[in-house]
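If you want the building blocks of each chain, they are given just below.
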Amino acid sequence: MADRPVLDAVGLTRQFAGAHGVRDVSLQVHAGERVALLGHNGAGKSTLMKAVLGLLPIDSGTVSIAGQPLGTVAARVAVAYLPEAVSFHPALTGREQIRLFARLAGVKTGDGDALLENVGLADAADRRIGTYSKGMRQRLGMAQVFLGKPMLALLDEPTSGLDPMARHDLYALIDSLAAGGTGVVIASHALTEIEARTDRIAILRHGQMVADASLKELFARAAMPIHIRVKAKHDAAALFDRFGGRRINGAQVEFAVTQDQKLARLAEVIAMGAQVADVEIIPSSLEDLYRHYSGQEERA
Amino acid sequence: MIRVLAIATTEFRILRRNRWLLTATGLLSVFALALTLSGATNSGALGVDLLTVSVASMTTLAVYLVPLVALLMSFETIAGDAERGSLALVLTYPVSRSALLAGKFLAHLSGLTIAVITGFGLAGLLAFALGGAGMASALALARLMLGAVLLGSAFIAIGYVVSAFSGSVAAAAGGAGFVWLVLVVLYDLVLLALVIWDDGGVFSRQVFPWVLAANPADALRLFSVTASAEQALVTGMGAAAAVLPRWTALASLLIWPVLGLLLARVAFARRVP
Ligand SMILES: Nc1ncnc2c1ncn2[C@@H]1O[C@H](COP(=O)(O)OP(=O)(O)OP(=O)(O)O)[C@@H](O)[C@H]1O
Ligand SMILES: [Mg+2]
């Protein structure tokens with residue numbers, strides 16, 4: 001029972017006239033897990049979140065949140081949401097807005113005030129939202145996610161428009177949310193942030209789930225080449241003849257190897273002794289991985 | 001219920017901050033006072049007191065202005081929330097769409113009531129100060145206030161319907177203007193044309209009064225008139241009012257807000273945030 005997922009979506013389908021929406025998407029999220037949801041613009045990330053939240057009617061599939069079926073009050077109590085590019089009524093102050101959400105969530109209004117402090121809005125709490133910067137609105141949106149200790153949080157591009165420090169703070173908030181046992185789904189385009197900050201990666205392409213595993217597993221499964229760059233002491237021609245690949249500004253050669261060839265090829269490089277000035281191993285980046293999964297069809 | 005109140009206080013705050021409350025109250029007050037003052041010069045001619053004349057002219061004013069003020073308060077609310085993305089967010093909270101609508105309605109109705117009572121009340125006080133008010137005309141004024149609030153609540157609800165169907169705030173504004181034009185202006189013009197064309201036939205005598213009462217704005221005219229013979233004398237609406245049972249106008253004014261809110265609920269349910 002302890003391992004029952006906080007989000008269990010199975011075979012979710014929602015088509016739009018002329019657009020793919022999401023097709024037969026399944027996604028499980030467990031308590032305390034941080035899942036990154038990646039995909040091109042229009043891949044269906046926001047659609048998936050709205051469908052899971054019951055905001056968008058679905059054509060088929062089932063969703064349960066913390067064991068509660070979609071649309072029930074219990075499911076809504078268990079879930080928190082940060083919409084993409086959310087804004088609030090400009091005439092209200094941050095404090096008034098968070099207190100409204102606190103009342104709607106059925107928690108003490110004092111909790112709302114404390115959350116404003118956590119997201120660094122304490123000084124601006126009594127100013128109108130109309131005077132807030134984009135980042136401040138985003139923080140306000142993030143503050144309400146914490147209300148009522150949700151079991152599941154769906155964050156749609158939470159870091160868009162934030163400065164580097166604010167992003168760092170926001171991921172610290174997300175970590176604390178997950179540490180408290182909340183399952184977190186983060187839709188994002190910021191790959192570098194995702195790498196260190198999530199436990200699992202799900203990639204949508206044209207409305208279909210094309211990958212859903214830990215980063216390590218995804219790299220292994222993709223069997224993507226690792227690049228070795230060798231710098232010659234005098235002349236790169238011999239190295240090029242030996243390893244192939246491509247030459248970089250005369251003195252260097254870069255070639256691709258697979259994971260299981262890596263050590264053998266490195267040994268060969270080292271065996272060349274004095275000819276080699278330096279060697280560099282370039283692992284494939286998350287960007288390569290993302291390109292691999294989200295662009296599969298185009299390449300095939 | 002706590003959630004309805006939370007939404008209502010927030011929406012009322014928005015109404016105040018937007019200055020809609022001030023604008024609405026100011027607008028109604030200025031017109032009501034001006035009409036009362038101008039009535040002071042000719043009330044003697046009809047042999048009735050100042051407030052009677054004033055209520056009659058304020059009724060004509062209310063028929064146009066109250067629906068406008070009500071729509072201005074309500075047209076933005078759903079489309080605006082949707083545009084900002086906060087509607088989607090609020091709907092993920094454990095609050096039903098009915099509760100959301102009820103909270104908004106409570107706030108907008110309070111705002112409208114304040115504007116109506118202040119505006120028309122000031123005019124009543126002015127008439128009293130000028131010595132042209134009595135028991136009967138005071139009752140007529142109270143009746144006008146009640147009718148105006150009912151008319152306003154109908155148009156607040158209609159504003160929600162427009163807002164729920166509109167993709168953007170701009171579209172909602174256009175829709176609200178269109179509804180006002182059709183229900184308040186064109187409806188009467190078409191009826192007038194039909195009556196003239198009919199030239200005292202069956203339509204004018206039997207159908208026209210009912211069609212008139214079916215429109216909430218015209219129902220306010222009838223409601224205000226049926227109060228007393230004196231009012232009928234001043235407004236010249238007596239003929240139509242005489243054909244209808246006494247309850248017709250009030251029934252129309254009561255049914256419209258309920259119908260409007262039901263329609264708004266249905267329209268809101270269909271809306272994907
Ligand atoms: N209400 C709608 N009506 C019609 N089509 C829609 C609607 N909402 C989304 N779509 C379409 O569904 C597809 C997925 O959109 P979605 O917003 O989920 O993408 P996304 O992955 O969130 O993209 P982004 O990274 O740009 O936010 C797009 O092709 C979009 O045009
Ligand atoms: Mg999106």
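Residues numbered from 1 in each chain as written. Chains lettered and ligands numbered in written order. Predicted model: local features only at pLDDT ≥ 70, side-chain atom pairs only at ≥ 80, totals over all residues. Heavy atoms only, no water.

(A) A look at the site of ligand 1. All names here are of chain A. What surrounds ligand 1 is a group of 14 residues, the closest being Gly42, Lys45, Ser46, Thr47 and Glu84. Taking Gly42, its main chain carries an N or O atom lying 2.7 Å from an oxygen atom of ligand 1. At a separation of 3.2 Å, an oxygen atom of ligand 1 approaches a polar backbone atom of Ala43. About the coverage of ligand 1: the protein hides 64% of its 630 Å² of free accessible area. Of all the elements in the fold, those that place two or more residues in the shell around ligand 1 are strand S2 (19-29) and helix H1 (45-53). (Near = heavy atom within 4 Å. Polar contact = N/O pair within 3.5 Å; in protein donor to acceptor, adjacent residues only side chain to side chain. Areas by Shrake-Rupley, 256 points an atom, 1.4 Å probe, with all protein chains shown as cover. Helix = DSSP H or I, 4+ residues; strand = E, 2+ residues; numbered from the N terminus.)

(B) A look at the pairing of strand S10 (residues 208-213) of chain A. Residues and elements named next belong to chain A. As paired strands, strand S9 (residues 200-205) and S10 are joined by five bridges and run antiparallel to one another. The residue bridging Ile201 from the neighbouring strand is Ala213, located in S10. Between the end of S9 and the start of S10, which pair antiparallel, lie two residues, with His206 showing a positive phi angle near 45°. (Pairing = 2+ DSSP bridges.)

(C) How the structure looks around the sheet that holds strand S5 (residues 68-69) of chain A. Residue and element names in this part refer to chain A. Ordered by their spatial adjacency, four strands build an open sheet running S2-S1-S4-S5, and the pairing between neighbours is antiparallel. Lying at the two open borders of the sheet, with one neighbouring strand each, are S2 and S5. Sheet strands in contact with H1 are strand S1 (7-16), S2 and strand S4 (60-65), and its direction is about 115° off that of S1. (Contact = heavy atoms within 4.5 Å. Axes fitted to C-alpha atoms, helices over the stretch in contact; angles between N-to-C directions.)

(D) Representation of the pattern of salt bridges. For the structure shown, the criterion picks out 22 salt bridges over all chains. The shortest N-O distance in the salt bridge between A:Asp113 and A:Arg99 comes to 2.7 Å. Taken as a pair, A:Asp113 in helix H4 (residues 109-118) and A:Arg99 in helix H3 (residues 94-105) lie far apart in primary sequence, 14 residues in all. Of the charged contacts, one joins B:Arg221 and B:Asp188 as a salt bridge, the two residues approaching to 2.7 Å between their closest N and O atoms. With a gap of 33 residues between them, B:Arg221 in helix H11 (residues 216-225) and B:Asp188 in helix H9 (residues 169-198) connect regions that are remote in the sequence. Taken as a pair, B:Arg221 and B:Asp188 share a single burial class, namely buried. (Salt bridge = Lys/Arg side-chain N within 4 Å of Asp/Glu carboxyl O. Buried < 20%, exposed > 50% of the residue type's maximum accessible area, 1.4 Å probe, protein only.)

(E) Examining the nonpolar core more closely. Counting 166 residues, the largest nonpolar core has A:Ile65 and B:Phe120 as its most contacted members. For this core, the element with the highest residue contribution is helix H8 (residues 135-165) of chain B, accounting for 15 residues. Once residues within four sequence positions are removed from consideration, A:Ile65 is found in contact with A:Val6, A:Leu7, A:Val52, A:Ala75, A:Ala78, A:Val79 and A:Leu152. By size, the runner-up hydrophobic cluster in this structure holds 14 residues, among which are A:Ile226, A:Ile228, A:Val257 and A:Val269. (Core = buried A, V, L, I, M, F, W, Y, C linked by side-chain atoms within 4.5 Å.)

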